[in-house]
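Summary of the model geometry
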Protein chains: 2
Amino acid sequence: MQATTITLIGAGNVATQLGIALREQGYAISQVYSPTKKSAEALAKKVNAAAITDLKKLHSNSIIYIIAVKDDAIETVAKQLHFKNQIVVHTSGTVPIDVLKKTSKNYGVLYPLQTFSKEKAVDLKTTPVCIEANNKPTSTTLQYFAKSFSGNVQQVSSGQRKTIHLAAVFACNFSNHMYAVAEGILKKDKLSLDLLQPLIEETAAKIKNNSPVKMQTGPAARGDKKTMKAHLKLIADADNKKIYQLISKGIIQTLKNDHKQS
Amino acid sequence: MQATTITLIGAGNVATQLGIALREQGYAISQVYSPTKKSAEALAKKVNAAAITDLKKLHSNSIIYIIAVKDDAIETVAKQLHFKNQIVVHTSGTVPIDVLKKTSKNYGVLYPLQTFSKEKAVDLKTTPVCIEANNKPTSTTLQYFAKSFSGNVQQVSSGQRKTIHLAAVFACNFSNHMYAVAEGILKKDKLSLDLLQPLIEETAAKIKNNSPVKMQTGPAARGDKKTMKAHLKLIADADNKKIYQLISKGIIQTLKNDHKQS
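Residues numbered from 1 in each chain as written. Chains lettered and ligands numbered in written order. Predicted model: local features only at pLDDT ≥ 70, side-chain atom pairs only at ≥ 80, totals over all residues.

The number of helices and strands found in chain A is 10 helices and eight strands. Once the C-alpha set of chain A is aligned to its principal axes, its extents read approximately 65 × 45 × 30 Å. (Helix = DSSP H or I, 4+ residues; strand = E, 2+ residues; numbered from the N terminus.)

The following block contains the structure:
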């Protein structure tokens, strides 16, 4: 039996982690494209594929072509792809599916809900993968494909994908910025963010089985105005002061609404 | 050998988790105080102690008296304590040590850096515990005491404790609010926060060995104005719109400063 052949267009964090996981699942990776030769070659080596830096050199023997490049580069790449029936997907949370409509009869989106770094291996088995396709057979193929490497495959609409991406920005990028602000505050007093690591991980783990609204603690949740006032005095940066005020207001409002509902 | 005897003043989340951990380490808990009889009795039963609802009934046979009540109740409790040499500590991140100065010759703070719920057991071994005391011998005793149940004991000043608490509000309460906002956004599209759980936990785990500034991803970090504009359109709540704008601005500024430094 011949392995299903995949082509990776892109050699960044997502392409790297996806490529490695696909190889582990027994897929054959035909080619890896990147405009940067070094990047193409680095990933090609990892997944036992050929490196190309020119999209004109793409073979047409793959079943699925995965475009995993920066959001604003997807359209440019798509314009250079002209397949018949091969499935072309991108991996973005925000780019519309239609950007691929001239690449092939069959196209879609395969959006893994995870934060990828090149260096750190990610457990794709537990990573939710959101699937969208322009027709039913493509949707079915993409679902089987995604299920081969993820235990959590979800069929979503374009609208839902946008919603998920926005929510992910809050839950991931914005909470990460809260860690960054905390690190800045600690640094001024020669303290390390390591001190807060158990607290940070427990806060993230706590909401596994509980709504974060029910898990909220701290001065705003307690309505402890004295501490909030003291904190505002302690914050040097004007924008961080505003963030403190706005989020505290948000916590108070959210708990009030939750209380009304229950 | 007789076990060291501890008294718990308070029967909330912190007192409960601390009491259970201390029992496991072989300490004897003499009494548990709470103004609410039911709470006092519930914790007293768990830690094999006597329940009291009147501070006048406190025995003086304990080595350490741990005040683990709400921040604004600490002073009221402290006013009713009159010991000679026994060590009196509170567990708050914000309340000054001096609030205890009339309770005994020896007093201090034992601030565990963790988020506690009554129901969920917390691994105190990995929880950093910040220690502060009014004199050297008390500081030494508290350090030995804390080291008996935590693998991460830190001696901090009052100023540092305030800084740590403020940083913890950002890293814990505020990131938890980001999860709550994400949940609200998803709910409107009939989606569950479970979808983001792997992403949330990975974001928290990622900063174990890396500065969150270096780990930042997403539209603001990429300078992707198109996506940010689309997101702002998608957010219904006016305050959440402001939070989106402010934190995005913060991410951009933080990355700019980091770039300058490196």
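A common way to express how large an interface is: the accessible area buried when the components associate. Residue and element names in this part refer to chain A. Domain boundaries assigned for chain A yield domain 1 (5-156), domain 2 (158-206) and domain 3 (208-262). Just the C-alpha atoms count here: the centres of domain 1 and domain 2 sit 28 Å apart. Contacts between the two partners involve 11 residues from domain 1, matched on the other side by eight residues from domain 2. Residue assignment for the side of domain 1 that touches domain 2 shows that the elements contributing at least two residues are β6 (106-112) and β7 (128-133). (Domains from an automatic or database assignment. Contact = placed C-beta atoms within 7 Å.)

Mapping chain B onto chain A leaves a residual RMSD of 0.0 Å; the transformation is a rotation of 180 degrees accompanied by 0.0 Å of translation along its axis. Classification of the inter-copy transformation places it as that of a two-fold axis. For chain B, the residue whose C-alpha comes nearest the rotation axis is S175 of chain B, separated from it by 2.2 Å. Here 100% of the contact residues of chain B are again contact residues in chain A; the copies associate through an equivalent surface. (Least-squares fit on C-alpha atoms with pLDDT ≥ 70 in both.)

A word on the pairing of strand β2 (residues 28-33) of chain B. All names here are of chain B. Counting buried residues in β2 gives five out of six residues, a clear majority hidden from the surface. For strand β1 (residues 5-9) and β2, the ladder comprises four bridges, and the chain directions are parallel. Pairing of L8 across the sheet is with V32, part of β2. In this region the chain leaves β1, passes through helix α1 (residues 13-24) and returns to the parallel neighbour β2; the handedness of that crossover is right-handed. Relative to strand β3 (residues 50-52), β2 runs parallel, the two being bridged by three bridges. Directly across from Q31, in β3, lies its bridge partner A50. Handedness of the crossover joining β2 and β3 through helix α2 (residues 37-47): right-handed. (Buried ≥ 20, exposed ≤ 12 C-beta atoms within 10 Å, placed from the backbone. Pairing = 2+ DSSP bridges. Right-handed = clockwise from strand over helix to strand, strands pointing away.)

Looking now at the pairing of β7 of chain A. Residue and element names in this part refer to chain A. Of all the six residues making up β7, six are buried; the element is thus mostly covered by neighbouring parts of the structure. Neither face of β7 is exposed, since P128, C130 and E132 on one face and V129, I131 and A133 on the opposite face are all buried. As paired elements, β6 and β7 share five bridges and run antiparallel to each other. The residue bridging P112 from the neighbouring strand is V129, located in β7. Across four bridges, β7 lies against strand β8 (residues 152-155) in parallel orientation. Along β8, the bridge assignment pairs I131 with Q155. With helix α4 (residues 136-147) bridging β7 and its parallel neighbour β8, the resulting β-α-β unit is right-handed.

To continue, consider the interface of chain B and chain A. With 78 residues of chain B at the interface, the matching set in chain A holds 78 residues. For the side of chain B that touches chain A, the secondary-structure elements that each account for two or more residues are α5 (158-188), α6 (197-206), α7 (212-215), α8 (219-222), α9 (225-234) and α10 (238-261) of chain B. The biggest single contributor to the side of chain B that touches chain A is α5 of chain B, with 25 residues. Split by residue class, the side of chain B that touches chain A holds 41 nonpolar, 23 polar and 14 charged. (Nonpolar A, V, L, I, M, F, W, Y, C, P; charged D, E, K, R; others polar.)

Before going further, it helps to examine the sheet that holds β2 of chain B. All names here are of chain B. If you walk across this open sheet you meet the eight strands as β3-β2-β1-β4-β5-β6-β7-β8, and the pairing is mixed. Across the chains shown, the open sheet's two edge strands, defined by having one partner strand only, are β3 and β8 (152-155). Ignoring which end each strand starts from, the neighbouring axes of this sheet average 25 degrees apart. Of the strands in this sheet, β6 (106-112) and β7 (128-133) are in contact with α5, which crosses β7 at around 150 degrees. (Axes fitted to C-alpha atoms, helices over the stretch in contact; angles between N-to-C directions.)

Put simply, helix α10 (residues 238-261) of chain A and α5 of chain B touch, their axes get as near as 10 Å, and they point 55 degrees apart. With respect to each other, α10 of chain A and α5 of chain B are oriented oblique. Helix-helix and strand crossings are classified by hand; for α10 of chain A and α5 of chain B the assignment is left-handed. Between α10 of chain A and α5 of chain B, the contacting residues are I247, G250, I251 and T254 of chain A on the first element and N173, F174, H177 and A180 of chain B on the second. Within the contact of α10 of chain A with α5 of chain B, the residues separate by chemical class into four nonpolar, four polar and no charged. (Parallel < 35°, antiparallel > 145°, perpendicular 65-115°, else oblique. Left-handed = near helix turned anticlockwise from the far one by under 90°.)

All names here are of chain A. Ordered by their spatial adjacency, eight strands build an open sheet running β3-β2-β1-β4-β5-β6-β7-β8, and the pairing between neighbours is mixed. Either end of the sheet is taken by a strand with one partner, and the two such strands are β3 (50-52) and β8. On average, each strand axis in the sheet is tilted by 25 degrees relative to the strand beside it, whichever way the strands run. Docked against the sheet, α4 engages β4 (64-67), β5 (87-90), β6, β7 and β8, running at close to 165 degrees with respect to β7.

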